[in-house]
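Structural characterization, general
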Amino acid sequence: MTVTVGPRLQPRLRHRELGLLVIAVFAITIGSVSLALSQRQAAGEPLLGNGGPPLASGVALAVYLGALFVAHAVLVLTGRRTDEVLLPTVGLLGGISLLLMERLPQDLAGGLGLGTTQLVWLTLSIAVITMIAAFIRSDAWLRLYKYTWAAFGVGLLLLTFVAGREVNGQRLTLAIGPLSGQPSELLKVILVIFLAGYLSENRALLVEQSTRVGPLRLPPLPYLAPMVAMWAIALSIVVVQRDLGAALLFFVVFLLLLYVTTGRGSFVALGLVAFVAGGAVLYEVVPHVRTRVDIWLDPFATASGAGYQVVQALHAFARGGILGTGLGAGLPEVGNLPPGGIPALHTDFPLAALGEELGLIGVLAILGLYLVVIERGLRIAASAADDFRAILAAGLSLVIGVQAFIIAAGVLKLIPLTGITLPFISYGGSSLLTNGLVVGLLIALSDRGAEPPPPPTAARGLRRILDRGAP
Amino acid sequence: MTLGGSLGGTAQRNAAGAPVRRPGIGATLGRIGLAMAVAFGALAAGAGYWQVWRASELSSAPDDAAVIAASRRVVRGEITDRDGERLAWSAEDENGEPYRVYLSRSLSGVVGYASRAYGTAGLERAFDAELSGVTAADPVQDLLKKFRTDPSDPQALRTTLVASLQQAAIGALDDDSGAIVMLDPRTGEVLVLASTPVYDASGIANPATSTATFQALVADDVGRPLLPRATQGRYVPGSVFKIVTAIAALGSGAVDVSTTFEEQPAAEADGLLVSGFRVRDGHHSKTGSRAVDFIEATEVSCNLWYALAGLETGGDRLVDWAAQLGFGEPLPFDLPTAASQVTGGDGPAPGGFLDDVELASAAFGQGETFVTPLQMALVTSAVANAGVIMRPHLALSFTGKAGTTTISPEEWRRVMPARIADQITAAMVEAVNGDLGVAYTTGAQVSGLTVAGKSGTAELGGEGEPNSWFIGFAPADDPQVVIAVVVEHGGRGAARAAPIAGTLLAAWKAWAGR
């Protein structure tokens, strides 16, 4: 890792970022006032006066907004010509998360309580974004060691398979000493780094050659192997960890990056066929998968049993309507089940709670924020200096976009529900830190004054082996 | 989305040496961006579907968390009968929390109960959202509600019921299990929806007695008091089903009012042989061996004529015409209803009958035919209202802070031309008032009121008394009220149901002539 802090630092103002941050801060503050007013009304207190300004947990708000401005200041001081939209966008998503976690029953998280814990993770996430965006100037440490990263990722996965702690029938959590986290969150970043390295190196070959099987044009056979490996890894995650969300995320991101690299729809079609076939087998074999699909097909049939979570989420959306009930005025009282409490609300279903309290317009705004992240990431990819950076940037933004899509679509009953976090809004440290890592890397990659990529090393890896075999 | 790509297309050469153009990463990124935009568009559409399209349905459903939560703390709106008499209101327990009190047990099968511990039933369930003020009956009010400081607005429900007639109906059924429906065929307004045995809804609603009361009711699996028989009881109809057969046979043109069957007189003595099964009859002593036409067959309730008319009509047409009357699916009503059926529907013969024997039996209401009392009231209402069925309903209006919303009468089905309805009316008048009919339908006459009707004796097979049925309407020349009565194990139609109908129609006349 090359970290350069030194005489080259030259402050550079970021007007656009500052303007957008002011808008985000304004929106979050208005949300806090709205939340405070409905909390006071519920408690029967006078709305104004008596206990200071109407702000919900003003200290937490000040800390978080302060962190955003410190991040901005650091980026200004380091003076890099990087993206100025991502930080305010993600900052607004995090602010919405903070308001929601302050509003939910605090005993959902032990120790400091839900809101304060989330504040700590959000602040750390902003710090991660800032450090990476400000100080990472070289990508060689990612580019050169892709197989090392892949090995690390597979190792992490296997470790989770063996030593993972089972929570709610899913083996997702890995605990080492006092530290615990969900490795699949970190795995998605490692996956993108590896794919960026692998695909950019072999792009020419993947584009150029193909194997004909009947009407299908398949990738050259030696390059089919990683594809099959990806497919197998995704399936094993489903079978061993019962983590449908991560498996779906990994596989979709892989297919999208394959398309970005080769421009070949047939590869994606092939991948989808393999996916559907694998899914059909899993439906028959793994009871967990079948349950999820059956719930998806008709959650109302088991509204008080297996479908309870999904049905309550849909009711929450319906209660919100177009304008929403207002922050703090909804019914997601998780602590007092039933009625209306949605299990895993703070991790898997925050969109349902926000749909109820902010209404359709709130949901559309949140979806719009994710589209901004995707669009900025793809823009960074399109203006990247070489294939590696382009695929890396595309992969990083798609990881966030696809993950948001998977959980949002699951909660809205467009696809079967898979437990996965909503980036920057769901409660949880692993998710917030790795998504901070993703956004930090995106901002760093957008540097228009960055050092040029290393010259392409011709004919490496598999290509060299193939060439050697040629007469 | 436009992505200014610095990475151009790559020109490669394939095996033959011809250049192959592949899109550059810039172009594929643009397509991926478009795909993600479409995917998020689908999410937006999904959110719109649940938050706009399905919003009022889901958020006012009895299972909705807000509806349940509101029902615990909100003082529910009152329920009154059509004349304003209070049927249900709220009292406060020692903690100051509200609970429901009901006018009388006679309402249990229709008003139901609202209990903190055991949820809701009947009208209390169907209009839970309105009564507890979670939603207004009017969508515009619903939207404006968000801007008020106190968003909950419990609505008072004025029903179409007549409390005095409801109590008279329960009194007439006495200790028997059964059901009575009375409605206005011109509007579909239900005046009486009675089901016995009744239960103590106030006992379920009162927190002090709810557990003991409810558990005793659930444990009673002989009387099954919690079953609302008028809407969910499925009974063998017996001869009252002949009105359905008449509608199908006359409506489809299979027979007309003058049709006679030459097999009928000869078979009166020993029964009519249909595919080896003997259809029997009981009016031989009165009519001798003469061939009866539609009017007379209805008057003496001739099984042979109706079996032959049913066979002439055919299974297909009988089932189709019954479906027009509402058979085969739940009825469009404020309360949940069971579906009535002409046949089990899985047989090989047309219409789903097993064979001609089942079709012939169904034509006079035996076989695999099951009906709800409300369904038979709707059949009668089609005859009474010149072939048009109005949608039956129990809610007359809702009154909240913002004013009153009135539920208007609504046409449901046009089943047959008025001419056919008139022909059937004529036969039903004879069945109650004719020289021969009187013997079969004793007790349905009311002085000063011409009643049209049809009695039924539903054989249940095995031991035990048959179910006693009567359906009818009055006045015959200007129908204003329809009645359907069933008394479980009440004996012949003339024995129990017809006299009850006479009593209640007299009570209706007194109420209507105020």
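Values in this document were obtained by computation on a predicted structure and should not be read as measured data.

As a further point, take the sheet that holds strand β10 (residues 190-196) of chain B. The strands that make up a sheet are held in pairs by hydrogen bonds between backbone atoms, and each pair lies either parallel or antiparallel. Residues and elements named next belong to chain B. Strand order in the open sheet formed by 5 strands is β10-β9-β19-β18-β17, with antiparallel pairing between adjacent strands. The sheet is open, and its two edges are formed by β10 and β17 (452-458), each paired on a single side. Taking the axes of each pair of neighbouring strands and ignoring which way they run, one obtains an average angle of 5° across the sheet. The pairing of strand β9 (residues 178-183) with β10 spans 6 bridges and is classified as antiparallel. The residue bridging G178 from the neighbouring strand is T196, located in β10. Each of β9, β10 and β19 (481-487) touches helix α8 (residues 163-173); the most contacted strand, β10, lies at about 30° to it.

A word on α8(B). All names here are of chain B. Where burial is concerned, most of α8 is hidden: 8 out of the 11 residues are buried. Turning to α8, its buried residues are A163, L165, Q166, A168, A169, I170, A172 and L173. Buried-residue contacts for α8 involve β4 (86-92), β9, β10, β19 and α22 (497-512). Looking one or two places after α8, you find D174, whose phi comes out positive at around 60°.

All right, on to the pairing of strand β14 (residues 395-400) of chain B then. Along any regular strand, the residues point their side chains to alternate faces of the sheet. Residue and element names in this part refer to chain B. Of the strand pairs in this sheet, strand β8 (residues 156-159) and β14 are connected by 4 bridges, and their pairing is antiparallel. Looking across to β14, one finds that A156 is bridged to T399. Looking at chain direction, β14 and strand β15 (residues 403-406) are connected through 4 bridges and run antiparallel. Each residue of the ladder has a partner; that of T399, found in β15, is T404. The antiparallel hairpin formed by β14 and β15 contains 2 residues in its connecting segment.

Turning our attention to the sheet that holds β4(B). Residue and element names in this part refer to chain B. The strand order across the open sheet formed by 6 strands is β5-β4-β3-β8-β14-β15, and the pairing between neighbours is mixed. The outermost strands of the open sheet, each flanked by one partner alone, are β5 (98-102) and β15. When strand β3 (residues 79-80) meets β8, the two strands line up parallel, connected through 2 bridges. Residue I79 lies in a different strand from β8, and its bridge partner there is L157.

The next thing to look at is helix α10 (residues 210-219) of chain B. All names here are of chain B. Buried within α10 we find T213, F214 and L217. For α10, the buried positions fall inside an angular range of 90° around the axis, keeping them on one side. Exposed and oriented more than 90 degrees from the buried face of α10 are A212, Q215 and A219. The secondary structure elements touched by the buried residues of α10 are α9 (201-205).

With that settled, consider the interface of chain B and chain A. Interface size is commonly expressed as the accessible area that is lost once the parts come together. Contacts between chain B and chain A engage 41 residues on the former and 44 residues on the latter. At the level of elements, β1 (10-13), α1 (25-53), α2 (55-59) and α3 (65-73) of chain B are the ones that each hand at least two residues to the side of chain B that touches chain A. Considering every element that reaches the side of chain B that touches chain A, the biggest residue donor is α1(B), with 20 residues.

Parameters at a glance
Residues numbered from 1 in each chain as written. Chains lettered and ligands numbered in written order. Predicted model: local features only at pLDDT ≥ 70, side-chain atom pairs only at ≥ 80, totals over all residues. Pairing = 2+ DSSP bridges. Helix = DSSP H or I, 4+ residues; strand = E, 2+ residues; numbered from the N terminus. Axes fitted to C-alpha atoms, helices over the stretch in contact; angles between N-to-C directions. Contact = placed C-beta atoms within 7 Å. Buried ≥ 20, exposed ≤ 12 C-beta atoms within 10 Å, placed from the backbone. Arc of directions from axis to C-beta.

Purely geometric numbers; function is a separate question.
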